[in-house]
Amino acid sequence: GENVEQHPSTLSVQEGDSAVIKCTYSDSASNYFPWYKQELGKGPQLIIDIRSNVGEKKDQRIAVTLNKTAKHFSLHITETQPEDSAVYFCAASTGTASKLTFGTGTRLQVTL
Amino acid sequence: KAGVTQTPRYLIKTRGQQVTLSCSPISGHRSVSWYQQTPGQGLQFLFEYFSETQRNKGNFPGRFSGRQFSNSRSEMNVSTLELGDSALYLCASSTGGTTTNEQFFGPGTRLTVL
C-alpha cells in the first residue's frame, strides 16, 4: 500500500521567516495530495491541496509543489505568523478513493 | 454552511465494553470517512461510507464497524474495547463524487479505554 514519509518532525522558525515541510510517497498511482493543519484540541483543517496534473499551487502565504518524477511534494509557508504554529500533515490518495494516507506530521513553532 | 459535527466529544469506557460514535457530515456531502489518530500510529484510515454502502476499508480488525444512514449521517462502533483503542476518532466528509474530493474533518471524539 501507499506509504508517506514527512520531514522534519519539528520545525522552529522566527516570525516572518519561511517554513518548508517535505513529503515523499511510494505509490506512483497517487494523484491527490492535500495538506492539513491541526491545532490543539481540533480536527485537521484542509489548508491547500494539489492534484497530479499540476506542479505548483499557491494560496496567499501558502504554496505547495509537486514533483511526480521524484514522488515528493512540499508545503511552503512564507512570512510566518504565531498563528501558523500547529501540527501539519501531508497526505496522499489514489484514484477516486477517499482513503487518505497521512504522513507522521510536523510540529511547527513560530517564535516572536 | 455548518461543518462536520461529531458526538460525543469525549468518552470514557472500560475494557470489554462497546461504544458507538456519531458523525453528521456537511450538508450535501454523501461520503463519510473515519480515521483513528494516536500518538504512536498517527492518522489511520478506518473505512469510508458512500450512499449507505462501505466503499473502502482500512486494516483494522472486525471489532471496528460502521454504517451510514439515508441522510448521510454515519456511526462507527467498536466492540470488545481494548486499551489500545484509546484514540481520537475523526470523521471526514466529502461530496463523494467520481473524482478525488476534498475531505473536511470534524473535531473528533476522544475515546479513553480504562
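Here the structure is shown first, and the text comes after it.
Remember, it's a predicted structure, so these values are computed and weren't measured experimentally.

Undergrad: Sorry, what's going on with the sheet that holds strand E8 (residues 72-77) of chain A here?
TA: Strand pairs in the sheet, formed through backbone hydrogen bonds, run parallel or antiparallel to each other. Residues and elements named next belong to chain A. Read from one edge to the other, the open sheet built from 5 strands follows the order E1-E3-E8-E7-E6, with strand pairing classed as antiparallel. Taken across any chain shown, the strands that pair with only one partner, and hence form the sheet edges, are strand E1 (4-7) and strand E6 (56-59). Looking at each pair of strands side by side, their axes are set apart by 15 degrees on average, direction ignored. As judged from the 6 bridges shared by strand E3 (residues 19-25) and E8, these two strands associate in the antiparallel manner.

Undergrad: Could you clarify how one ought to interpret the state of the cysteines in this entry?
TA: Here a disulfide denotes one covalent bond, and it connects the sulfur atoms of two cysteines. Residues and elements named next belong to chain A. Applying the stated rule across the entire model yields 2 disulfides over all chains. Linked covalently through their sulfurs, Cys 23 and Cys 90 form a disulfide whose S-S length is 1.9 Å. In this structure, the disulfide formed by Cys 23 and Cys 90 twists by about -100 degrees around the S-S bond and is classed as left-handed. Taken as a pair, Cys 23 in strand E3 and Cys 90 in strand E9 (residues 86-94) lie far apart in primary sequence, 67 residues in all. Its relative accessible area of 1% is what places Cys 23 among the buried residues.

Undergrad: Help me out: how do you make sense of the interface of chain A and chain B in this one?
TA: In this complex, chain A contributes 20 residues to the contact, which on the side of chain B involves 23 residues. Each partner contributes to the roughly 1600 Å² buried at the junction of chain A and chain B, and carbon and sulfur atoms together form 52% of this total. When the buried surface of chain A facing chain B is broken down by residue, Ser98(A), Lys99(A) and Phe102(A) rank first, second and third, together holding 30% of it. The tally of links from chain A across to chain B stands at 1 salt bridge. For Glu102(B), the salt bridge identified is with Arg51(A), shortest N-O distance 3.8 Å. There are 3 residue pairs in polar contact (both at pLDDT 80 or more) connecting chain A and chain B. At 4 residues, the largest contribution of residues to the side of chain A that touches chain B is made by strand E4 (residues 30-38) of chain A. When the residues that make up the side of chain A that touches chain B are grouped by side-chain class, the tally is 8 nonpolar, 8 polar and 4 charged.

Calculation rules
- Residues numbered from 1 in each chain as written.
- Chains lettered and ligands numbered in written order.
- Predicted model: local features only at pLDDT ≥ 70, side-chain atom pairs only at ≥ 80, totals over all residues.
- Heavy atoms only, no water.
- Pairing = 2+ DSSP bridges.
- Helix = DSSP H or I, 4+ residues; strand = E, 2+ residues; numbered from the N terminus.
- Axes fitted to C-alpha atoms, helices over the stretch in contact; angles between N-to-C directions.
- Disulfide = S-S within 2.5 Å.
- Buried < 20%, exposed > 50% of the residue type's maximum accessible area, 1.4 Å probe, protein only.
- Contact = heavy atoms within 4.5 Å.
- Buried area = accessible area lost by both parts, 1.4 Å probe.
- Salt bridge = Lys/Arg side-chain N within 4 Å of Asp/Glu carboxyl O.
- Polar contact = N/O pair within 3.5 Å; in protein donor to acceptor, adjacent residues only side chain to side chain.
- Nonpolar A, V, L, I, M, F, W, Y, C, P; charged D, E, K, R; others polar.

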